[in-house]
Amino acid sequence: MWHTKITLLNQTIIECLNETEEKKIIRAFTDLGIKLLDANFGFVWLNSSESDTLELVYRSSTTPYNPKPPKENGRNYRVLKSSVPEFVSQIQKKSDHDDVSTYMKSFVIIPIGHRGKIYGTIVLCFKKTENFLIEKRILSELLGNNAAQAITVRRLIASEQERHFIENERSKAEFIAEATHELRTPLAIIKGNIDLALRNKSVNERQFTKTLKAIDYEVQHAAELVSDLTLLIKSNQYSQRKMVSHDVRLDRLMSNITKRFKTLTDKKDISINIQNLSNISIPGDEFYLDKLFSNIIKNAIIYGREGGRIVISGKKAGKFIHVDVYDNGIGISQEDLTRIFERFYRSEEAREKNHEGTGLGLAIVKWIAEAHGGTVSVVSTKDEGSTFTVTLPMNGV
């Protein structure tokens with residue numbers, strides 16, 4: 001049952017990333033929340049790009065009354081400030097006109113927000129007393145977080161349209177595709193972790209907690225990706241977000257990435273070996289370096305062979321470190337090699353094989369490498385495999 005609910009949540013995220021009307025996004029997540037939490041009805045209070053005042057933007061068809069606007073010192077605004085859902089299992093009956101105990105016995109107020117961006121609240125109501133066990137509490141947080149991601153993308157699109165960065169419908173469609181592409185990887189890892197937990201019939205509390213932590217990491221990772229999407233459509237303004245530079249241990253970075261991809265590599269029986277990177281540190285932004293190598297390794301898995309191998313190795317060269325990512329997959333044609341770092345480019349073979357993606361990942365790799373004062377290159381032989389080489393300075397830029 002848990003697996004089914006997470007699958008429904010993932011499907012709604014993907015569908016809403018292709019939606020341009022904010023009210024439709026709100027309705028989709030509210031109706032989903034009613035279904036996931038077995039609520040009876042729900043409604044949504046939302047702010048706008050121009051005002052922080054909450055306004056009623058959606059009310060499910062089963063809502064039996066007209067909700068009154070939230071008070072500034074009331075629960076909804078309190079939830080906005082705390083960014084934490086508020087669960088009320090037992091409503092106290094009131095003698096005034098604000099009494100809602102006739103319509104419900106319990107309710108939850110879910111903040112729609114992530115990473116400091118708060119858009120409003122989803123209120124889900126129950127006609128019978130609800131105790132809100134851990135599963136429903138986790139689902140409530142995931143619901144609000146993912147609704148916020150979809151709204152963030154929608155408002156980014158609207159903002160870019162106003163500033164004429166998106167000049168036509170094709171550019172807008174490509175931008176939406178970028179968001180979908182970038183979010184698929186953490187969603188796939190989330191689903192993989194849940195699948196592993198469900199297959200393990202003897203799962204204990206410690207293992208359950210470990211799975212939840214892995215899911216939480218990927219949810220936060222997805223949120224970070226959404227907040228950085230503006231960089232991807234401002235090719236001449238990539239430097240707007242400053243790199244946060246500190247020493248990054250490459251062996252630990254690669255280990256963390258390969259652990260996150262374990263469910264994906266296990267599915268294709270692909271082995272990953274890390275060589276000659278022990279105790280090597282470079283100055284850089286760990287979030288972006290993680291994104292750089294994750295994109296390369298992800299491609300090596302996607303285009304790798306069943307039972308194949310990936311080797312990640314390092315080699316010092318003066319003031320630089322060369323990091324090679326080798327795979328014995330399907331390889332890249334010489335024609336495609338000249339274009340694979342272009343945004344939106346996908347080879348014909350990739351399209352024919354129905355591999356997911358929009359040709360965005362390697363464009364991000366190239367930008368991050370250059371932003372760190374480095375380079376990225378590739379050598380490949382068709383049907384034999386590829387080696388991507390990332391060269392980065394060891395003493396900073």
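Asker: Any chance you could explain the packing of helix H8 (residues 250–260) against helix H10 (residues 286–302) here in plain terms?
Answerer: A pair of packed helices can be characterised by two numbers: the angle between their axes and the separation between those axes. H10 packs onto H8 with a crossing angle of 50° between their chain directions and a minimal axis gap of 10 Å. With respect to H10, the axis of H8 lies oblique. Along this stretch, H8 crosses H10, giving a crossing that reads as right-handed. For the pair H8 and H10, the contacting residues are Leu253, Met254, Ile257 and Arg260 in the first and Glu286, Leu289, Asp290, Phe293, Ser294 and Ile297 in the second. Class assignment for the residues of the contact of H8 with H10 results in six nonpolar, one polar and three charged.

Asker: What is the right way to look at the packing of aromatic side chains in this model?
Answerer: The tally for this structure, following the rule as stated, stands at nine aromatic pairs. Seen from their ring centres, Phe41 and Tyr65 are 6.3 Å apart, and the 85° between their planes marks the pair as edge-to-face. Placement of the pair is Phe41 in strand E1 (residues 41–46) and Tyr65 in the loop between strand E2 (55–59) and helix H3 (75–82), with a sequence separation of 24 residues. Here Phe41 matches Tyr65 in class, with each residue buried. Relative to Phe132, the ring of Phe126 has its centre 5.3 Å away and its plane inclined at 85°; by these criteria the two rings are edge-to-face. Residues Phe126 and Phe132 agree in their burial class; the two are buried. Members of the aromatic cluster, each reached through a chain of ring pairs, are Phe41, Phe43, Trp45, Tyr65 and Tyr103. Just above the ring of Phe87 sits the side chain of Arg137; from NZ or CZ to the centre is 4.3 Å.

Asker: Would you mind showing me how to read the sheet that holds E1 here?
Answerer: Hydrogen bonds along the backbone pair up the strands of a sheet, which may run parallel or antiparallel. On the basis of which strands lie adjacent, the open sheet formed by five strands has the order E2-E1-E5-E4-E3 and antiparallel pairing. Two strands close off the open sheet at either side, each with one partner strand: E2 and strand E3 (86–88). Direction aside, the axes of adjacent strands within the sheet are offset by 20° on average. Bridge count for E1 against strand E5 (residues 117–126) is six bridges, and the pairing is antiparallel. In the strand pairing of E5, Phe41 is matched with Cys125. Strand contacts of helix H2 (residues 22–36): E1, E2, strand E4 (106–114) and E5, with the helix running at about 145° to E1, the strand carrying the most contacts.

Asker: What's the story with the packing of H10 against helix H13 (residues 361–371) in this structure? I'm lost.
Answerer: Contact geometry of H10 with H13 gives a least axis separation of 9 Å together with a crossing angle of 140°. The chirality of how H10 crosses H13 is left-handed. Together, Tyr288, Leu289, Lys291, Leu292, Asn295, Ile296 and Asn299 of H10 and Gly361, Leu362, Ile364, Val365, Trp367, Ile368 and Ala369 of H13 make up the contact between the two elements. Residue classes in the contact of H10 with H13 are distributed as 10 nonpolar, three polar and one charged.

Reading guide: rules and limits
- Residue indices begin from 1 for each chain and proceed along its sequence in written order.
- Selection of residues for local features in this predicted model requires a pLDDT of at least 70, selection of side-chain atom pairs for listing and counting requires 80 or more, and totals for whole chains, interfaces and linings are taken over all residues.
- Only hydrogens and water are set aside; all other atoms, that is, all heavy atoms of the structure, feed into the side-chain values.
- For helices, the fitted line uses only the C-alpha atoms of the stretch in contact; every axis is such a line through C-alpha atoms, and the angle between N-to-C directions lies from 0 to 180 degrees.
- Where helices and strands are cited, they refer to DSSP runs of H or I of at least four residues and of E of at least two residues respectively, numbered from the N terminus.
- By definition in this entry, angles of less than 35 degrees are roughly parallel, angles greater than 145 are roughly antiparallel, angles of 65 to 115 are roughly perpendicular, and the rest are oblique.
- By convention the crossing between two helices is left-handed if the near helix lies anticlockwise of the far one by an angle smaller than a right angle, and right-handed if it lies clockwise.
- Contact between two residues is taken to exist if any of their heavy atoms lie within 4.5 Å; hydrogens are not considered.
- Three residue categories are used. Nonpolar comprises Ala, Val, Leu, Ile, Met, Phe, Trp, Tyr, Cys and Pro, charged comprises Asp, Glu, Lys and Arg, and polar comprises the others, including Gly.
- When the centres of two rings from Phe, Tyr and Trp lie within 6.5 Å, Trp using its six-membered ring, the rings pair. Their planes under 30 degrees apart give stacked, over 60 give edge-to-face, and anything left gives tilted.
- Here the term buried applies to any residue with accessible area under 20% of the maximum for its type, exposed to any over 50%, and partly exposed to those in between, with areas from a 1.4 Å probe on protein chains only.
- Counted as over-ring charges are cases with an Arg CZ or a Lys NZ within 6 Å of the ring centre that also lie within 35 degrees of the ring normal.
- Whether two strands pair comes down to DSSP finding at least two bridges between them.

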